[in-house]
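# What the coordinates show
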Amino acid sequence: MTEMTIPIGPQHPLLKEPLSIELDVSGERVVGGRVNIGYVHRGIERLCQQRTYAQNTALVERICGICSHAHTTAYCQAVESLMGLAIPERAAYIRVLMCELERIHSHLLWLGVLAEAIGFTTIFMYAWRDREMILDMMEELSGGRIAHAANIVGGVRVDISPEQVELLLQRLRAFDEQMAFFRELIDRDRSFHRRTLGIGRVSLDMVHAYSMVGPPARASGCDVDLRRDAPYAAYSSLAFDVITADGGDVWSRAQVRLQETIQSVRLCQQVLQELPEGDLATRAPRRVAPGEAVARVESPRGELFYYVRSDGSDRPARVKMRTPTLPMLLALQYTLPGLETADVAAVIAGADLCIACADR
Amino acid sequence: MDATAIERTLGQACSAPVELLPLATCAELFVDIPSASLLAAMEGLMREHDLYHLTTITALRDGDGFLVLYHLWLGGGLTLRVRCSGAPPSLPSVCHLLPVAEWYEREVHDLFGIRFEGHPNLKPLLLPEDWVGPPPMLAEETP
């Protein structure tokens, strides 16, 4: 059969952000594909070298509109390591709370995007409606729905009053009940199964070859989670389970992400119940002694990596970030061959891409 | 992560003793590797220490040349630090060992102009294909 190439993107209704995928198809079968990025490259690594350590917190927050808090957490951790600063315990707990709320809303956003891609509009509406509950909580805590500005170098900027603690706990209970509906859907719904079970299977070898991280790696049986393996903030004093599955298909990814959401609710509840008293931040110096530091954070999409190098001035000499979507995109390119064209949308949505993160 | 065993493996790969240096700032190990021994070091780590995770490759300016950092994860953070110079600066590609390096090396090539010998497809990743001018991270002034 004749082969043809279908361009998807950089602007395309299927994509939420600019990304180019050239799909080689033969009839209804995908025989090859090339992924191209760079359409939202903003040169943020270079910009970081021109701003002070404190100003950069606001800049790295704007790399991503979904995991903005994970970016500032990783950046602040690296800079705090450089400065030799220990953040107050209360600040570490509040960082965890924001991280987990962010994970919940990111996973629900993903469920909505996937549902829309497989033609399940009702679930798209329900998932995004329930995601609003979490965004409202984050807005009430920090003042921002997307850019929360909760982290500063040395601690956090937002505090939680005892009344807010009660209110948040009540709302998290209500949210947890809502989640039961999605759990049931993923376990039982036949049309959801037909579009996701066995689709876009990624083997453990492929996870290793492309250094995949986060929920897609865990859905292929790779048992890694930095919150457990290299605990930061307050994770070492909180209890949670690392969720893995072994199917490696879109359904397993949905399963992992939904179960993780439930673990995140559990983590939020523990933080609110055990929130220690104390200061919100330690005062950070303006200049930093020469040195280098690394921070690794488990963002909603997996390992987020920051490297910061100081030359003794008030601006970093180098800031490097590696976001989880970058290896995921390369892996996606090699997952495409062999798919039915009708499943391409589900597989792209199932990868949970964040192009702004990958391009920086 | 067994630091002594890793030192032994890397020492064999470099045919000279190496020392893993813990960062004073955080729990990550750094080690200097001559660029000629980079591939042997990676092969040794893959063979004896089950290395598969290359987190990323960072390049930075260092005097007249560059430092290229290969950040790895072996149940703990390990970074191989390689010095690179020349005109154009170049290093051997690790793509055939760690396929994920394909994009990381393209990115470093884009932003710093470092060539990776043996890379299957070293075209721009982040920059437009018709980009002219110095690599953006080396430009003296930002427009």
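## Regarding the sheet that holds strand E1 (residues 21-22) of chain B
Residues and elements named next belong to chain B. Strand order across the open sheet formed by 5 strands is E1-E2-E5-E4-E3, with mixed pairing between neighbours. Each having just a single partner strand, E1 and strand E3 (53-62) make up the two edges of the open sheet. Relative to strand E4 (residues 65-73), E3 runs antiparallel, the two being bridged by 9 bridges. Bridge pairing in E4 places arginine 61 opposite phenylalanine 66. In this fold helix H2 (residues 38-49) packs onto E4 and strand E5 (77-84), with an angle of close to 165° to the strand it touches most, E5.

## Thoughts on the pairing of strand E8 (residues 316-322) of chain A
Residues and elements named next belong to chain A. Summarising burial for E8: 6 of the 7 residues are buried, a large majority. Bridge count for strand E7 (residues 302-310) against E8 is 6 bridges, and the pairing is antiparallel. The partner of tyrosine 306 across the bridge, within E8, is methionine 321. Count of turn residues in the E7/E8 antiparallel hairpin: 5 residues, of which glycine 312 carries a positive phi of about 100°.

## Side note on the interface of chain B and chain A
By a widespread convention, an interface's size corresponds to the accessible area lost as its parts come together. Listed per partner, the contact involves 41 residues of chain B and 41 residues of chain A. Regarding the contact of chain B and chain A, the summed buried area is about 3,300 Å², with carbon and sulfur atoms giving 58% of it. In terms of surface lost to chain A, no three residues of chain B exceed Tyr52(B), Trp103(B) and Leu126(B), which account for 21% of the buried area on that side. Counting across the interface, chain B meets chain A through 4 salt bridges. In this structure, Arg360(A) and Glu107(B) form a salt bridge, with 2.9 Å as the shortest nitrogen-oxygen distance. In this assembly, chain B and chain A are joined by 16 residue pairs in polar contact (both at pLDDT 80 or more).

The rules behind the values
- Residues numbered from 1 in each chain as written.
- Chains lettered and ligands numbered in written order.
- Predicted model: local features only at pLDDT ≥ 70, side-chain atom pairs only at ≥ 80, totals over all residues.
- Heavy atoms only, no water.
- Pairing = 2+ DSSP bridges.
- Helix = DSSP H or I, 4+ residues; strand = E, 2+ residues; numbered from the N terminus.
- Contact = heavy atoms within 4.5 Å.
- Axes fitted to C-alpha atoms, helices over the stretch in contact; angles between N-to-C directions.
- Buried < 20%, exposed > 50% of the residue type's maximum accessible area, 1.4 Å probe, protein only.
- Buried area = accessible area lost by both parts, 1.4 Å probe.
- Salt bridge = Lys/Arg side-chain N within 4 Å of Asp/Glu carboxyl O.
- Polar contact = N/O pair within 3.5 Å; in protein donor to acceptor, adjacent residues only side chain to side chain.

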